[in-house]
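Structural features, examined
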Amino acid sequence: MRTIQLIFITLALGAGLLPAQDYDRTFEFHFDQQAIVVPKFGPKVEALPVLELLGAEARFSPAAGTYGVVYGEHTIQFAVDHKVLLVDGKLREAREVPSASPGGVAVSLTYLERWLLSPLGFHLEPIPRGYRIVRGSRFADPVSVRPVAADFGTTTTLVLSLNRDAAVEVEETEPGTITIHFDDATPQLDGSVPFRSGRVRSLTSNEQSVLVKLAPGIGLISWHPLETPPRVTIELGPARPTPTPAPARAPVVTSRGPQPVVIDPGHGGDDVGARSPAGVTEKEVTLAVARRLARVLESRGRAVRLTRDGDQGRALTDRTALANRLDATVFISLHANASTVASVAGAETYYMSLDGASDEAAAATADLENRAGLSSEDRSPLDLILWDLAQADVLNESSRLALAVQGRLNARLGLRDRGVKQAPFVVLTGATMPAILVEIGFLSNPSEAERLTAPENQQQLAEAVAAGIEDFLGR
Amino acid sequence: MNWRVALIALAAVAAVALLTWLLQGGKPPIEQAEVLDLVELPTPTPAPEQRVILLFTGGDGMLHPELRSVPLPDEVHERIRVVMRELLAGPRSAPRLSPLVPYQASLEAVFVDENGNAYVDLTAPPEPLSGSSTELMLAYGVVNSIILNCPEISAVQILFGGHEVETLTGHLDLSRPLVLNKRFIAAS
């Protein structure tokens, strides 16, 4: 009987009952005492029969437009032509997409093993005409990594909270890059807590490690694996000079000097930002106003630094990092707005919002309080609570700065007052000083665009913002 | 004569079977799965009409509600799809209100996790968008409309072209789910 079934599929392929151009090959998949033949669809294999072989429930949900897989406590949702998928409730991004196929959905063997079998606790072992599905994930069990950072003076504590025990090693693999190696575990970064540190540029994870990119001049001081709950604390601070003589090189910050006002002309380089009906770009307008603002403040004895003084692109996080590194008094990000509605006009000022993050941040702080097992050389949990309070203070000060600047814009320029607002803007995230983003008007509004590009109006804008900063600093 | 034809056919089948068995290396043949199962489609049941609150951009650059009665299913994915379909179709009270998404977009996929986070994947913009106002209206128009109409959903992350994005126009942090934000809804 089995032989006849094989003859059937062979003859069916030959007779064109199954599309020969699609099913050019077949694979056998063996699991326990069962085996199936699964057609190969181009470079991919039909996924559903393999999952059904394991006893997983796999079906298409027309409502969601996704395939759902349920196996024990594990759930996977994936969709044709989409790299993103949900694995046990976590958003993941694969390197390739599933494809529609005669049997429903086809995936590459890599996708099948990495995203459909591994989360269920299986992996593939090659056999002569296919694969055996074996219990045990080839990819180590995932470990969720939730980063929280706290800046203290010249040092930063980075805490990676883990959802389970995992052996780790931390090393500075190259200047400015820290690698956290996980043995037998695949780290998965949990970005639910907004990350607030000007000394850490980015965190990324791969199969067995987390890479931490640091701001220039910052290095690894020490690290400690901790238990109950499992976590790793990493101390960061000014990079230690290398023991070998290095060629003379100008430091990024040549002099501490007085604390500067850091002005950030929005966008730059390839990122032109908004564009007026006449073709003037936001990056040009913000740079012009920023230069004028710098001159006004300098004429009043203020030290000033621009995050860019030309048409250069800058990562949003680098802009805030510069302000943090310089220990700026205030951080002013200048932007010109655009709306899909041409009539919208006016200036508005934003400061950071922690919407949706407050509870998470509080929970993270509570986690950090649970550090009773730390040795005396570790930082007190009180420090982190104080840091959280300091963040609340920074937000409060930011709101006062925003009100001062918006007030001057309204009074001097007679612009339509769009008010002071809060939003979780990337460029304000992680600032350790009062920080605002000023939208000086709408380039998408033809009459306002003319004003924004006129030098005399740019000067008035600069003077209004400067007056607001002075109101705040001179309080 | 017929018995001869039958005998030849039987011999041919036997020969093919023997050949296949030999090609297998003499191992026992394996089970053939039903590899071409048809997708199971649900029986369509008409959803009751309910009022939905949809947010669109007003002439003041704020979000304004538009009420609409549409068949609204209970199932959360379908519910999100209906809300998104209505949002992407644009406001009925144009030109007083304007669309949230300033390009021809469609909803590519909807994911919902067990924590009440929804992930909606929209067509990527054909060219870069600009302005924090554009970004805030699009993001909070979608996020607020979904949360206001789907009680199971507490936060929404918008994906574009199947990818997570840090930001759309260089301002708002879109790398994580956003919660309901009423600050951008105009006071009535």
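Check the entry above for the structure.
Here's what I pulled together on the structure shown here. Note that the structure is predicted; figures quoted are calculated from it, not measured.

A look at the sheet that holds strand 7 (residues 178–179) of chain B
Residues and elements named next belong to chain B. With respect to topology, 4 strands assemble into an open sheet ordered 4-5-6-7, the strand pairing being mixed. With one partner strand each, in any of the chains shown, strand 4 (107–112) and strand 7 form the two edges of the open sheet. Two strands pair when backbone bridges link them, and strand 4 and strand 5 (residues 117–122) are joined in this way by 5 bridges, in the antiparallel orientation. Among the inter-strand pairings, F111 is bridged to a residue of strand 5, identified as Y119. The sheet contacts of helix 3 (residues 132–149) involve strand 5, strand 6 (155–160) and strand 7, and relative to strand 6 the element is tilted by about 135°.

Some points on helix 8 (residues 446–453) of chain A
Turning to helix 8 of chain A, its buried residues number three or more, namely E448(A), A449(A) and L452(A). Along helix 8 of chain A, the residues classed as buried sweep out an arc of 105° about the axis, all on the same side.

Some remarks on the packing of helix 4 (residues 282–299) of chain A against helix 9 (residues 455–473) of chain A
All names here are of chain A. For the pair helix 4 and helix 9, interaxial distance at closest approach is 8 Å and the crossing angle is 50°. Between helix 4 and helix 9, the interaxial angle falls into the category oblique. As for how helix 4 packs across helix 9, the hand of that crossing is right-handed. Contacts between helix 4 and helix 9 involve A288, V289, R292, L293, V296 and L297 from the former and Q458, Q459, L461, A462, E463, V465, A466 and I469 from the latter. Each residue belonging to the contact of helix 4 with helix 9 can be placed in one class, and the counts come to 10 nonpolar, 2 polar and 2 charged.

Details of the nonpolar core
Judged by nonpolar contacts, the single largest core of 166 residues is most densely connected at V120(B) and V156(B). If we ignore the near neighbours within four places in the chain, the residues touching V120(B) are I80(B), M84(B), L107(B), V110(B), V142(B), V156(B), I158(B) and L159(B).

Focus on the sheet that holds strand 27 (residues 435–442) of chain A
Residues and elements named next belong to chain A. Strand order across the open sheet formed by 6 strands is 23-22-24-27-25-26, with mixed pairing between neighbours. Single-partner strands in this sheet number two, and they are strand 23 (304–306) and strand 26 (417–423). Across the sheet, the mean angle separating the axes of adjacent strands is 20° when strand polarity is ignored. As defined by bridge partners, strand 24 (residues 330–337) adjoins strand 27 across 6 bridges and the pair is classed as parallel. Bridge pairing links I332 to I436 in strand 27.

Quick look at unusual backbone geometry
That bond from A94(B) to P95(B) is cis: its omega, 5°, falls within 30 degrees of zero. Relative to the assigned elements, P95(B) resides in the loop between helix 2 (76–89) and strand 3 (97–98). Residues other than glycine seldom take positive phi values, yet H267(A) does so here, at roughly 65°. As for its placement among the helices and strands, H267(A) is situated in the loop between strand 22 (261–265) and helix 4. When the 28 C-beta atoms within 10 Å are taken as the criterion, H267(A) is described as buried. Phi is positive for D327(A), which is not a glycine, with a value near 55°. By the element assignment, D327(A) lies in the loop between helix 5 (316–325) and strand 24. Owing to 16 C-beta atoms within 10 Å, D327(A) belongs among the partly exposed residues under this scheme.

Re the packing of helix 2 of chain B against helix 3 of chain B
When two helices pack together, their arrangement is given by the angle between the helix axes and the distance between those axes. All names here are of chain B. Between helix 2 and helix 3, the shortest axis-to-axis distance is 10 Å and the interhelical angle comes to 135°. Put simply, helix 2 runs oblique to helix 3. Judged by the sense of rotation from one axis to the other, the crossing of helix 2 with helix 3 is right-handed. Contacts between helix 2 and helix 3 pair R79, I80, V83 and L87 from the former with G141, V142, S145, I146 and N149 from the latter.

The rules behind these values
Residues numbered from 1 in each chain as written. Chains lettered and ligands numbered in written order. Predicted model: local features only at pLDDT ≥ 70, side-chain atom pairs only at ≥ 80, totals over all residues. Pairing = 2+ DSSP bridges. Helix = DSSP H or I, 4+ residues; strand = E, 2+ residues; numbered from the N terminus. Contact = placed C-beta atoms within 7 Å. Axes fitted to C-alpha atoms, helices over the stretch in contact; angles between N-to-C directions. Buried ≥ 20, exposed ≤ 12 C-beta atoms within 10 Å, placed from the backbone. Arc of directions from axis to C-beta. Parallel < 35°, antiparallel > 145°, perpendicular 65-115°, else oblique. Left-handed = near helix turned anticlockwise from the far one by under 90°. Nonpolar A, V, L, I, M, F, W, Y, C, P; charged D, E, K, R; others polar. Core = buried A, V, L, I, M, F, W, Y, C linked by C-beta atoms within 7 Å.

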